[in-house]
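One-letter residues, chain by chain:
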Amino acid sequence: GDFHRKGFIDGCSLRLPTIVVRPGRPNKAASTFASSIVREPLAGEQAICPVSADSAMYVLSPRRVVQAMLHAASLSPEEIGPNRSIQLPGIKARIGDVVDTLRHVAGDKAAERVIWQPNPTIQKIVSGWASDCEPHRALKLGFEADDSIESIILAHIEDELGGIVK
């Protein structure tokens, strides 16, 4: 943003939803559970879910983030226009639905590896986040959200686990 404003580059910034399923290991971020409750159970490990099943997040898969970055690079300055910040489209994911979808895709064993352990601090943080957006401009510019929670989980299985669930 600042380099564009100062005229050093012609750029734009993409505002990302919570990225799920992020590869790697859990970290200290309040949102880390959103990936952990899918990633770890699919790898045969337990994961702690610190928020209620009714909590919701606005999410986007790593696949769509990469597509969005490539798409942004292909847009002309005229297409982007003077507002250089673009909120990417995502989907609203209710945490209970994520675990239900994990169960549908990978079975009871995987879903039972999610341990519901409320953490009021993380719950408060997550409850303060927008779980729904209306990214009309991004959609008009050709950016895309994932189709469903299931498509996000299946992409993770394919991209990070070689199609194998433990």
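Provided above is the structure to which this section pertains.
Residues numbered from 1 in each chain as written. Predicted model: local features only at pLDDT ≥ 70, side-chain atom pairs only at ≥ 80, totals over all residues. Heavy atoms only, no water.

*Asks:* I'm lost on the pattern of salt bridges in this one. Help?
*Replies:* Applying the stated criterion across every chain yields a total of 10 salt bridges. Between Glu40 and Arg39 there is a salt bridge whose closest N-O contact spans 3.0 Å. Here Arg39 falls in the buried class, since its relative accessible area comes to 6%. The partner of Asp159 in a salt bridge is Arg63, and the shortest N-O contact between them spans 2.8 Å. With Asp159 in helix α9 (residues 149-160) and Arg63 in helix α3 (residues 62-74), this residue pair connects regions lying 96 residues apart in the sequence. The exposure class assigned to Arg63 is partly exposed, which follows from its relative accessible area of 34%. The network of salt bridges with common partners includes Arg25, Arg39, Glu40 and Glu45. (Salt bridge = Lys/Arg side-chain N within 4 Å of Asp/Glu carboxyl O. Buried < 20%, exposed > 50% of the residue type's maximum accessible area, 1.4 Å probe, protein only. Helix = DSSP H or I, 4+ residues; strand = E, 2+ residues; numbered from the N terminus.)

*Asks:* How should the nonpolar core be read in this particular structure?
*Replies:* Burial of nonpolar side chains together is a common tendency in soluble globular proteins. Phe33 and Ile37 are the most contacted members of the largest nonpolar core, which has 26 residues in total. Looking at this core, the elements with two or more residues in it are α2 (32-42), β4 (56-60), β6 (91-94), α5 (95-106), α6 (108-112) and α9. Counting residues in each nonpolar core, the second largest holds 11 residues, with Ala72, Leu75, Ile86 and Leu141 among its members. (Core = buried A, V, L, I, M, F, W, Y, C linked by side-chain atoms within 4.5 Å.)

*Asks:* Honestly, the pairing of β4 in this entry has me stumped. Any pointers?
*Replies:* With five of its five residues buried, β4 lies for the most part within the structure. Alternating positions in β4 separate into two faces, Ala56, Tyr58 and Leu60 on one and Met57 and Val59 on the other, with burial throughout. By the bridge criterion, two bridges tie strand β2 (residues 18-19) to β4 in an arrangement that is parallel. Within β4, the position partnered with Thr18 by the bridge is Val59. For β4 and β6, the ladder comprises four bridges, and the chain directions are antiparallel. Residue pairing across strands places Val59 opposite Ile91, the latter belonging to β6. (Pairing = 2+ DSSP bridges.)

*Asks:* So what exactly am I meant to see when it comes to unusual backbone geometry here?
*Replies:* Excluding glycine, a negative phi dihedral is what most residues carry, and trans is how most peptide bonds are arranged. In the segment running from Val20 into Val21, the intervening peptide bond is cis, with an omega of 10°. Among the secondary structure elements, Val21 is positioned in the loop between β2 and α2.

*Asks:* I tried to follow the environment of Asn83 on my own but got confused; where do I start?
*Replies:* For Asn83, the location among the structural elements is in the loop between α4 (77-80) and β5 (85-87). Classification of Asn83 by relative accessible area gives partly exposed; the value is 42%. Spatially, the C-alpha atom of Asn83 lies 41 Å from that of Val114, the residues being 31 residues apart in sequence.

*Asks:* When you look at α3 in this model, what are you seeing that I'm missing?
*Replies:* For an α-helix, the turn length of 3.6 residues means that residues three or four places apart are oriented alike. Its 13 residues place the ends of α3 19 Å apart at the C-alpha level, agreeing with the 18 Å of an ideal helix rising 1.5 Å per residue. Buried within α3 we find Arg64, Val65, Ala68 and Ala72. Looking down the long axis of α3, one finds its buried residues gathered within 100° of arc, a one-sided arrangement. Residues of α3 that are exposed and point more than 90 degrees away from the buried face comprise Leu70, Ala73 and Ser74. In this fold, the buried residues of α3 make contact with β1 (13-15), β2, β4 and α4. (Expected span 1.5 Å × (residues − 1). Arc of directions from axis to C-beta. Contact = heavy atoms within 4.5 Å.)

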